[in-house]
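A look at the structure
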Amino acid sequence: MFGTNDRSLTADEAFTNRQGQWAIFSAALSDHLQRIAAPDFSVDDMEAPRHNVLTFFGLGGIGKSTLSRHLEAALADSEQRPAHWGEPAWAAGARILPVRIDLARSADVSFERIVLTLRLALAQHVGRALPAFDIALRRWWDANHPGEPLEEYLQRTGLAARFGKALPGQVQSAISEVAQQLALPGFVGSAVGRLTTALAHEVRQRHERARALTGCARLADLLEADPDLDALSFYPHLLAWEIARLPAKKAVVPVVLLDTWEDIGDRTHRDLERLVQRIVWLMPATFFVVTGRTRLQWADSELQGQLDYTGPAAWPGLAAHVPPARTAATGGHGGGRQILIGDFAPEDCDDYLARRLTKDGRPLISEPIRAVITARSHGLPLYLDLAATRFLEIRRTGREPEPGDFDHDFSSLVARTLQDLTPDERHVLRAVSLLDAWDVALATEAAGLNHQAPALRLTERPLVRQDEWALWPFNLHDLVRSTIRGADDRTDDRWSPQDWRDAAQRAHTALGEQWTTSTNPGRTLLVAVLRQGLALARDHRLDLDWLTQAAWAYIGDSIWEPLAPPQRPGAATGEPQTPADALVETLSALARRQHEHRERTVERLTAVLDSGLLPDDLTDLARYYRAKGQRDIGRTADSHEGMRQVAAGTTRLAPAARRGLAHLARLAGDFPTALATAQSLGWEGHHQRVTGDLWWLHAEMEEAAAAYQAARAEAEQHAVAGERAICQAQLSLVAAFTDPGLATDALALADQFLTGLDLRATTLTTRIARLVADAGTDLPKQPTDPRRKGHCPTCQAFEGERCFQRPRNGVHPARLKKNNIDQADVDRYLRASGRRSGRR
């Protein structure tokens with residue numbers, strides 16, 4: 001309305017999807033209604049576990065408050081329920097009373113206001129006094145608000161405008177009714193203390209005059225307690241008792257929606273949370289829906305003493321907490337009552353943007369712009385709303401927005417993300433935004449802290465995703481991470497560029513320490529630290545440090561997993577500028593050479609060598625693999641020169657370069673030189689495999705097989721998976737020529753060795769071996785029609801096959817096999833019995 005002069009433009013609060021959350025809510029409320037309808041249910045039972053609370057938690061801006069408002073509207077009026085939500089799961093006759101309470105600090109909500117809101121909602125809906133609660137409330141009010149009538153307070157705070165003015169009259173009616181029952185005809189409003197004292201006495205004595213209230217076992221104790229805030233927090237029990245005894249025509253089930261839960265306290269100060277938890281516990285017939293940024297911790301036994309009711313026995317549904325990674329992947333469905341609200345799917349983002357701004361009934365935001373916003377938002381509704389606002393701002397300048405205008409980070413998202421974090425948690429958050437994934441120890445080291453508590457607290461925030469099966473289980477929400485790193489941070493504790501570089505250096509060092517000190521430094525850890533370490537070193541111009549040793553370990557197995565980290569938005573491209581740039585390009589070229597032409601590999605490695613940024617040993621690495629690529633594309637002279645330079649050095653690739661010279665001699669037809677060189681290579685130069693290759697070229701299959709077997713054994717001894725797979729594939733190819741039957745087993749073993757490896761050329765070798773092994777094999781005969789001549793019913797009966805052999809001596813071979821009878825025994829029997837052989 002106030003963002004544009006174009007009155008034909010319509011801005012709607014689009015509400016998209018969330019049918020998954022509605023289904024969870026509907027099922028939980030249906031289960032609650034069944035529980036409170038059970039004969040053994042009682043609001044007086046203070047020991048039974050509570051199942052009357054459901055939590056939706058998630059990242060700020062994910063749509064929790066919008067969901068809460070739509071749940072309230074859907075419960076108040078079925079016409080307001082989105083059509084795609086479907087019908088509710090509970091019985092049609094249930095009377096539901098929704099009561100939504102916003103706990104945000106901006107709403108200035110106090111505990112007494114929460115209690116009054118519950119009573120006001122019932123006053124409007126039930127329309128009658130609730131004596132047990134109303135008398136206790138009046139006593140408390142007179143003690144804590146002397147001289148201020150309840151009606152005046154309701155008018156001043158706006159509660160009367162929302163719920164009406166019926167409550168003061170109902171309270172007065174309850175007091176008058178009880179005064180009449182207790183024969184106190186001269187009672188006046190100022191003598192409420194006398195009334196409650198008399199009522200408590202009558203209830204304890206169970207006199208006939210107070211028979212309507214004698215069923216409330218705890219009423220007298222509450223009336224005699226000091227009317228302070230602590231006593232008020234127990235009055236909801238009286239409210240629950242009154243609701244339970246309402247007549248059938250007035251019976252109602254309240255559904256209380258508590259929004260912005262994170263604003264009622266923190267992990268250190270739980271005073272207000274303690275009081276609100278009492279309401280939930282003391283009103284077991286009322287269903288509570290909590291929405292906030294963090295899950296409820298009531299099922300954690302460690303909070304005993306901070307809260308009244310804690311532990312999994314008290315709150316079974318809250319104890320069944322599902323990690324965010326799993327609930328996010330399933331759209332928000334969890335096994336318990338703690339539900340993470342997931343991001344919008346891409347199609348839901350597009351639908352939201354299409355309906356957010358419209359003109360003449362058509363989407364104002366074009367489809368290309370919607371696609372860019374959707375990709376940048378990572379499914380966060382708040383980002384979509386901010387992008388719609390930006391669209392209008394650009395439009396006000398007199399030009400039409402373009403897709404490039406929305407390749408943008410919003411600094412307000414930074415403030416929104418950080419607002420409820422402690423200073424130490426904000427420090428850790430910025431540090432881990434540098435990492436793709438992390439654990440508590442890595443986060444603490446990256447942040448430069450000497451205690452892990454802030455990192456532990458951060459892992460429980462919904463902006464952190466968890467994958468319990470990953471090497472590092474935690475990672476930040478994608479949009480939060482990109483915004484923290486890329487947006488213009490205007491917060492008071494923002495980091496300087498040097499702060500970011502220092503944190504990157506700490507994270508880089510911590511990754512190296514995890515790899516070098518690990519008790520199980522397997523391939524998975526190596527690749528993981530390389531991917532993150534390369535990104536940190538490249539983006540922040542760090543020294544290579546441990547990356548040099550990790551790069552040598554990476555190439556040692558010849559497995560070639562993809563390593564190159566994604567390019568940061570806005571980062572410079574082109575020629576390498578730092579040693580880290582050169583190393584990233586080198587390892588990327590080596591991994592990609594399995595999937596692109598060797599000419600491209602040679603070009604990339606030449607650019608790295610021309611930059612001169614790599615240290616000497618890594619320069620030999622790039623030179624050696626460039627020489628291999630040159631050999632593959634027929635540039636043998638260039639390849640020979642590169643191999644010669646590496647072989648003349650002392651780096652760890654010198655033996656491999658000498659092996660390369662042997663291959664070049666073989667290609668040139670100088671077999672004596674090739675054989676002599678191969679025999680001098682040793683294990684480091686894979687001498688057995690090179691020797692096998694030479695025997696193979698001369699069709700000396702037995703010698704080649706023996707060499708490949710010896711090479712495979714050495715690879716297993718040194719635990720080099722890639723070399724083992726290569727040797728087994730070559731052995732399979734030899735067997736395919738010499739013994740096709742043996743080749744089948746050899747190929748099966750080769751396939752097993754290749755599992756999980758990215759060795760494209762070796763995989764092609766196994767395919768060739770299969771083709772060779774199969775060459776010359778006849779196709780199986782097709783089944784013959786049983787009615788044609790030659791079909792054998794005996795064989796079909798005993799063996800499940802069709803036989804084309806004539807029976808011998810009247811006895812079918814299948815019958816002999818079935819009974820383990822030798823054919824010679826049959827011949828001797830027939831001769832002894834005088835029967836001529838061949839007759840039946």
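Just so it is clear, the model here is predicted, and its values are computed rather than measured.

1. Examining empty space enclosed by the protein
Following the criterion strictly, the structure yields three cavities of 30 Å³ or more and no others. Of the pockets and cavities examined, the largest cavity occupies roughly 80 Å³. Along the lines of polarity and charge, the residues of the lining of the largest cavity split into four nonpolar, three polar and four charged. The volume enclosed by the second largest cavity comes to roughly 50 Å³. Every residue lining the second largest cavity is listed: Leu59, Gly60, Leu380, Leu413, Thr417, Leu479, Val480 and Thr483. The leading source of residues in the lining of the second largest cavity is helix α22 (residues 478–486), at three residues. Per-class residue counts for the lining of the second largest cavity are five nonpolar, three polar and no charged.

2. Concerning the packing of helix α29 (residues 636–647) against helix α30 (residues 654–667)
In contact at an axis separation of 8 Å, α29 and α30 are set at 150° when each is read in the N-to-C sense. As judged from the angle between their axes, α29 and α30 are roughly antiparallel. Where α29 crosses over α30, the two elements pack in a sense that is left-handed. Each of Thr636, Ser639, His640, Met643, Arg644, Val646 and Ala647 in α29 lies in contact with α30, whose residues at this interface are Ala654, Ala657, Arg658, Gly660, Leu661 and Leu664. Taken together, the residues that form the contact of α29 with α30 break down as seven nonpolar, four polar and two charged.

3. So, helix α18 (residues 411–418)
Residues three or four positions apart in an α-helix share a direction because the helix packs 3.6 residues into each turn. Inspection of α18 places Leu413, Val414, Thr417 and Leu418 among the buried residues, and these make up the whole buried set. Relative to the axis of α18, the buried residues are bounded by an arc of 125° and lie together on one face. As for α18, its buried residues are in contact with α17 (381–396), α19 (423–432) and α22.

4. Regarding the nonpolar core
The biggest cluster of nonpolar side chains holds 131 residues, and the ones touching the most others in it are Phe25 and Trp438. A per-element tally of this core places helix α24 (residues 523–540) first, with nine residues. Apart from residues lying up to four places away in sequence, Trp438 is in contact with Val432, Ala443, Leu458, Thr459, Val464, Trp472, Pro473, Phe474, Asn475 and Leu476. Counting residues in hydrophobic clusters, the runner-up holds 70 residues, among them Leu239, Trp261, Leu282 and Leu296.

5. Focus on the packing of aromatic side chains
In the structure shown here, the tally under the stated rule is 20 aromatic pairs. Through a chain of ring-to-ring contacts, the aromatic side chains of Trp22, Phe25, Trp85, Trp90 and Phe287 assemble into a single cluster. Over the ring of Trp281 we find Arg50, and its NZ or CZ is 4.2 Å from the ring centre. The lysine or arginine in question, Arg724, covers the ring of Phe753, its NZ or CZ lying 3.9 Å from the ring centre.

6. With respect to the confidence of the model for the protein
Model confidence for the protein is summarised by a mean pLDDT of 82, while 82% of its residues fall at 70 or above. Throughout residues 206–210 the model reports pLDDT below 50, and contacts reaching past four residues in sequence, or to other chains, amount to twelve contacts. The model gives residues 785–791 a pLDDT under 50, and that stretch makes nine contacts with residues more than four places away or in other chains.

7. Side note on the pairing of strand β3 (residues 96–102)
Of all seven residues in β3, six are buried; the element is thus mostly enclosed. Summarising the sheet, β3 and strand β4 (residues 253–259) pair through seven bridges and their orientation is parallel. Paired with Ile96 across the strands is Val253, a residue of β4.

8. Examining the sheet that holds β3
Read from one edge of the open sheet, five strands run β3-β4-β5-β2-β6, paired in parallel fashion. Every interior strand has two partners, whereas the edge strands, β3 and β6 (338–340), have only one. The average angle at which neighbouring strand axes cross in this sheet is 15°, direction not considered.

Parameters at a glance
- Residues numbered from 1 in each chain as written.
- Predicted model: local features only at pLDDT ≥ 70, side-chain atom pairs only at ≥ 80, totals over all residues.
- Heavy atoms only, no water.
- 1 Å grid on protein atoms, 1.4 Å probe; cavity = no way out; pocket = protein on both sides within 12 Å on 5 of 7 lines; lining within 4 Å.
- Points joined across faces, edges and corners; volume = space filled by probe spheres on them.
- Nonpolar A, V, L, I, M, F, W, Y, C, P; charged D, E, K, R; others polar.
- Helix = DSSP H or I, 4+ residues; strand = E, 2+ residues; numbered from the N terminus.
- Axes fitted to C-alpha atoms, helices over the stretch in contact; angles between N-to-C directions.
- Parallel < 35°, antiparallel > 145°, perpendicular 65-115°, else oblique.
- Left-handed = near helix turned anticlockwise from the far one by under 90°.
- Contact = heavy atoms within 4.5 Å.
- Buried < 20%, exposed > 50% of the residue type's maximum accessible area, 1.4 Å probe, protein only.
- Arc of directions from axis to C-beta.
- Core = buried A, V, L, I, M, F, W, Y, C linked by side-chain atoms within 4.5 Å.
- Phe/Tyr/Trp six-rings, centres within 6.5 Å; stacked < 30°, edge-to-face > 60°.
- Lys NZ or Arg CZ within 6 Å of the ring centre and 35° of its normal.
- pLDDT = per-residue confidence, 0-100.
- Pairing = 2+ DSSP bridges.

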